[in-house]
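Below, each chain spelled out in residue letters.
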Amino acid sequence: MIATIPFMERKFEEFNKLMFGGKLPKIPIILTDAKTFLGKCVYRQRTGRDGKPEYYDFKLRINTRVDLPESEVEDTLIHEMIHYYIALNRLEDASTHGPLFIHMMNSINEKYGRHLTVRYKGTAEQNEQLVDKKQHYHVVAVVTFHDGRTGIKVLPRVVESILKYYNAVSAANNVASVRLFMSNDIFFNRFPNSSALKVHFQEENEVMEHLKGAETLICDGKAIGRTRR
């Protein structure tokens, strides 16, 4: 099913009473076509009178890009309601999905027969629905390792970020080479865009097939030039 506002509002009220003691104030539920998440609890932050962070202006964003079974739409909502509960009550957790979140999630699963998870693991068809099908230009780093593996990284189109990533990864002992390309192949839409020092391992033949016709970026560690492959 595709989520609707009336359905999500009705389920929010139902799960609030059943699982959260009716203690969660009603908040706006916004439908989104985002490709990076199924659900998200968003809010603003300020410093409270006690000097500690205080959260306000809560909203729940629910994805409508993916056609999911009703139970998975419900689980997505409950997952975000846990985030809402923790932030609203200013409860401390070690991370976004830290021990407190995990404890609450597992308790709900056990008590109410739900199947909440920390991360969404959909079918191949469902995951494909999350992929943006529009063409966008990406800077793609292809990293070859001494053990023969190939990884890719989609980088921000910011020279400083590209150089920082290129220099750091090139200096790693287990890295044989780092090649940079500019591509608008939609294959690369499925990978997150960031400058974090990691890669997504892929088959080199498949990667290079998607890079046919891409521009090669020439990098000497200090500057970046462009040339057509």
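Anyway, here's the lowdown on the structure attached to this text. (Residues numbered from 1 in each chain as written. Predicted model: local features only at pLDDT ≥ 70, side-chain atom pairs only at ≥ 80, totals over all residues. Heavy atoms only, no water.)

### Digging into unusual backbone geometry
Unlike most non-glycine residues, Asp-57 shows phi in positive territory, near 55 degrees. Relative to the helices and strands, Asp-57 is located in strand 3 (residues 53-63). Phi angles above zero are rare outside glycine, and Arg-90 is one such case at about 55 degrees. Position of Arg-90 among the secondary structure elements: in the loop between helix 2 (70-88) and helix 3 (99-112). On the accessibility criterion, Arg-90 (31% relative accessible area) is partly exposed. (Helix = DSSP H or I, 4+ residues; strand = E, 2+ residues; numbered from the N terminus. Buried < 20%, exposed > 50% of the residue type's maximum accessible area, 1.4 Å probe, protein only.)

### Examining the sheet that holds strand 3
Sheet architecture is open: three strands sit in the order 1-3-2, paired in mixed fashion. Either end of the sheet is taken by a strand with one partner, and the two such strands are strand 1 (29-32) and strand 2 (39-47). Sheet twist, expressed as the mean angle between neighbouring strand axes with direction ignored, is 30 degrees. Of the strands in this sheet, strand 1 and strand 3 are in contact with helix 1 (residues 5-19), which crosses strand 1 at around 140 degrees. The sheet contacts of helix 2 involve strand 2 and strand 3, and relative to strand 3 the element is tilted by about 175 degrees. (Pairing = 2+ DSSP bridges. Axes fitted to C-alpha atoms, helices over the stretch in contact; angles between N-to-C directions. Contact = heavy atoms within 4.5 Å.)

### Description of the nonpolar core
Side chains that are nonpolar tend, in soluble globular proteins, to be buried together. Formed by 30 residues in total, the largest nonpolar core has its most connected members in Met-8, Phe-12, Phe-20, Leu-60, Met-81 and Ile-82. Of the residues forming this core, the biggest block, eight residues, is contributed by helix 2. Not counting residues within four places of it along the chain, the set of residues in contact with Leu-60 comprises Phe-12, Ile-27, Pro-28, Ile-29, Ile-30, Lys-40, Cys-41, Leu-77, Glu-80 and Met-81. One finds Ala-141, Val-143, Leu-155 and Met-182 within the second-largest nonpolar core, a separate group that totals 17 residues. (Core = buried A, V, L, I, M, F, W, Y, C linked by side-chain atoms within 4.5 Å.)

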